[in-house]
There are 2 protein chains.
Amino acid sequence: MVTIYDIAKRSGYSITTVSKVLNNYKNVSEKAIKAVQEAIDELGYTPNSSARTLATNKSWMIGVVFAEHLGVGIAHPFFSEVIEGFKKHVELYNYDLLFVSRHMGLQEETYKHLKHRGVDGVVVVQSFGEDLIGGENSPIPAVYIDMPLKQPGSVYSDNRHGSSLAVNYLTELGHERIAHIMGDQTNFAGEERAIGFLKAMEKKGLVVPEHYLVNGGFFSYEGGREAMIRLLALSERPTAVVVAGDIMALGAIKVIKEAGLRVPEDISIVGFDDIALAKHVDPPLTTIRQDKDLIGRQAAIILLNKINGDQDSSSRVVPVQLIKRGSCQLIRG
Amino acid sequence: MVTIYDIAKRSGYSITTVSKVLNNYKNVSEKAIKAVQEAIDELGYTPNSSARTLATNKSWMIGVVFAEHLGVGIAHPFFSEVIEGFKKHVELYNYDLLFVSRHMGLQEETYKHLKHRGVDGVVVVQSFGEDLIGGENSPIPAVYIDMPLKQPGSVYSDNRHGSSLAVNYLTELGHERIAHIMGDQTNFAGEERAIGFLKAMEKKGLVVPEHYLVNGGFFSYEGGREAMIRLLALSERPTAVVVAGDIMALGAIKVIKEAGLRVPEDISIVGFDDIALAKHVDPPLTTIRQDKDLIGRQAAIILLNKINGDQDSSSRVVPVQLIKRGSCQLIRG
DNA sequence: ATTATAAAGGAAAGCGCTTTCGATAGGAGT
DNA sequence: ACTCCTATCGAAAGCGCTTTCCTTTATAAT
């Protein structure tokens, strides 16, 4: 391995000077800079980040802790896009992303591992879990996706507004019997979307029968199926249902079709997320779009602020948007 | 920060001994082990990986370089699953994954960066690009996904066989006018699938008119659309088409529907990949499944072997499988 | 000519850890 | 009683780098 010492010898300067040109110090002569540069090129030197980190206590790495319910990890249709947006932004500032191995949900262990790695900050992407890493006992800057914190530093979509967008649209189309397939109520997004739904319905003066509120669990296709099955079994079926997640919505649509009914002719569906394939399914899914890229970017901004000790690291709620496609229509009759 | 020195002082032993218990050396007394452990617990010590890496020249990190054409990065429907499979395996051996920032396709820069980070190995996931990192000029162990190398150390699906599975199935259903929407021919998978298609057709004694071979580009939805449009414009349309990627297949199906035709009644479609949502679209997509998890795992095994200097680090081609769903049917008449 | 000042460079300590090698002490063997 | 192992431990060097602080030299000011 070629080190700073080799460069020093070759260039005729001391390692101090070499280090200085490497770090753009001002008090080095043009001559020295040139000599060192040449030596570096000739010898093919690459600085060693471990040594640098050890000396500076700065790793230029950001830890990613990933915890989701679908069990697909990085392949998660929503979170992966958020992470990509996050990555694109922090890359601009020369940070690399470290995906640490999961310690079976043992937050304690995960935190230790992150500390071990000396990451400069961590982004926590999760659909559940405790706020341990971001806690006061933790000196390591953190930002949370889809999870509110006591302290500032989390970003999530305007879930309540999203739900109200959905019910308002549906009522415009003339629907009144509107059901909601909820995400699990221990989940922040699931809870907020349900609250938003209920509030919007109330505002419209619409009553939602107890049976119209059904738990679809953790946003899975199967969860959507089961929830919809229960809805179809009702004596008075809803004419529309807002589903707390696109994947669940797909499951629900499938069940409807299997029952010999049609979407949107018989039942209108609006999803939530706008995953990549929402536009490609049949019918194209009307849904509430979360701006995954922006969520990631905002998270990056917050975290970078925290890392740099800058002032503004407040939480952000990012706007959602109704995407009208083919899964809703005017109620007939 | 609490260091090994603090533990030494607290426990009454030297840092050497502390280090030894940390690393499970045999020549330490039970008494010492216990004393050190207690000190660690009391002080809440976490080893510093940079220091360790510096001393041992082993980082326990594996670099991930990601280059794909869709521009979605980590959110890529196929590669993300491969990476997840890879990750799950290397985690077992205590490796973390480092996603290095892209240097605009500058392999030279990427390589330098990886060297800078001191990763123990690298997994290259890409749909294009040169074999630079794995080259001889590189001392860093590498494994490539979806890309053949001169040297051993890459893993990819049995693309040719996949295509032949598709045409054989289609011929069984009575189809003879079978077209192929190809992936870009500069892409390994695209090329292999086309070759497999052609060979299988020849074997069946079926002729494929020049116009039945259309380039869908880099596996995008739009590429699939455009390719299918050209196919539909033909005077003698195909009754079936094997598409080199699921996303492209979805684009193709969309076009067919827009033209007032139906899948599979008028045209049968078989895709390639079996992405997560293939089963959820309408009609459910018949496709060639790539075993993404296994691909990732095999890549992990190869890389770990290389890292450990073990013998077997040969390339692997992983089997594919025909998944029959709803997008194909017997030809009518 | 003399002094003050700025510019350029280097010695050395230190970041937290591993590892070699030598020292010490207790026990076994004769 | 003496030598030889074996078990246990620690001093010290070294991994590659940054950074403080001091020295030297050149330049400007008087």
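All of these numbers come straight from a predicted model, not from anything done at the bench.

(A) The environment of Asp6 of chain B, seen in detail. Residue and element names in this part refer to chain B. Tracing the backbone through its elements, the reader meets Asp6 in helix α1 (residues 4-11). Asp6 gets classed as partly exposed once you look at its relative accessible area, which sits at 29%. For the pair Asp6 and Pro47, spaced 41 residues apart in the sequence, the C-alpha separation amounts to 12 Å.

(B) View of the sheet that holds strand β12 (residues 320-323) of chain A. Residues and elements named next belong to chain A. With mixed pairing, the six strands of this open sheet are ordered in space as β7-β6-β8-β9-β10-β12. Each edge of the sheet is formed by a strand with only one pairing partner; in this case those strands are β7 (213-215) and β12. On average, adjacent strands in this sheet sit at an angle of 20° to one another, irrespective of strand direction. Sheet topology places strand β6 (residues 178-182) next to strand β8 (residues 240-243); four bridges connect them, and they run parallel. Bridge assignment links Ile178 to a residue of β8, and that residue is Ala240. Across the sheet, helix α8 (residues 188-203) touches β6, β7, β8, β9 (268-273) and β10 (286-290), and the angle it forms with β6 is around 170°.

(C) Region of interest: the side chain of Ser268 of chain A. All names here are of chain A. Structurally, Ser268 can be placed in strand β9. Assessed through its relative accessible area of 0%, Ser268 is described here as buried. Ignoring any residue separated from it by four or fewer positions in sequence, one finds Ser268 in contact with Leu170, His175, Thr239, Ala240, Val241, Ser327, Cys328 and Gln329.

(D) Broad picture of the packing of aromatic side chains. Under the criterion given, the structure shown has nine aromatic pairs over all chains. Aromatic pair Tyr156 of chain B and Phe188 of chain B: ring centres 4.8 Å apart, planes at 70°, arrangement edge-to-face. You can see Tyr156 of chain B sitting in strand β5 (residues 154-157) and its partner Phe188 of chain B sitting in helix α8 (residues 188-203), a full 32 residues away along the chain. As far as burial versus exposure is concerned, Tyr156 of chain B and Phe188 of chain B are alike and both buried. By way of ring pairs, the aromatic residues Phe66, Phe78 and Phe79 of chain A are connected into one cluster. One cation-aromatic arrangement involves Lys58 of chain A over Trp60 of chain A; the distance from NZ or CZ to the ring centre is 4.4 Å.

(E) Representation of the sheet that holds strand β12 (residues 320-323) of chain B. All names here are of chain B. The strand order across the open sheet formed by six strands is β7-β6-β8-β9-β10-β12, and the pairing between neighbours is mixed. Sheet topology places β7 (213-215) and β12 at the edges, where each strand pairs with a single neighbour. For this sheet the average axis-to-axis angle between neighbouring strands, irrespective of direction, equals 20°. In the sheet, strand β6 (residues 178-182) pairs with β7 via three bridges, with the strands oriented parallel. In the sheet register, Ile181 faces β7, and the bridge partner there is Val214. Of the strands in this sheet, β6, β7, β8 (240-243), β9 (268-273) and β10 (286-290) are in contact with α8, which crosses β6 at around 165°.

Cut-offs used in this document
- Residues numbered from 1 in each chain as written.
- Chains lettered and ligands numbered in written order.
- Predicted model: local features only at pLDDT ≥ 70, side-chain atom pairs only at ≥ 80, totals over all residues.
- Heavy atoms only, no water.
- Helix = DSSP H or I, 4+ residues; strand = E, 2+ residues; numbered from the N terminus.
- Buried < 20%, exposed > 50% of the residue type's maximum accessible area, 1.4 Å probe, protein only.
- Pairing = 2+ DSSP bridges.
- Axes fitted to C-alpha atoms, helices over the stretch in contact; angles between N-to-C directions.
- Contact = heavy atoms within 4.5 Å.
- Phe/Tyr/Trp six-rings, centres within 6.5 Å; stacked < 30°, edge-to-face > 60°.
- Lys NZ or Arg CZ within 6 Å of the ring centre and 35° of its normal.

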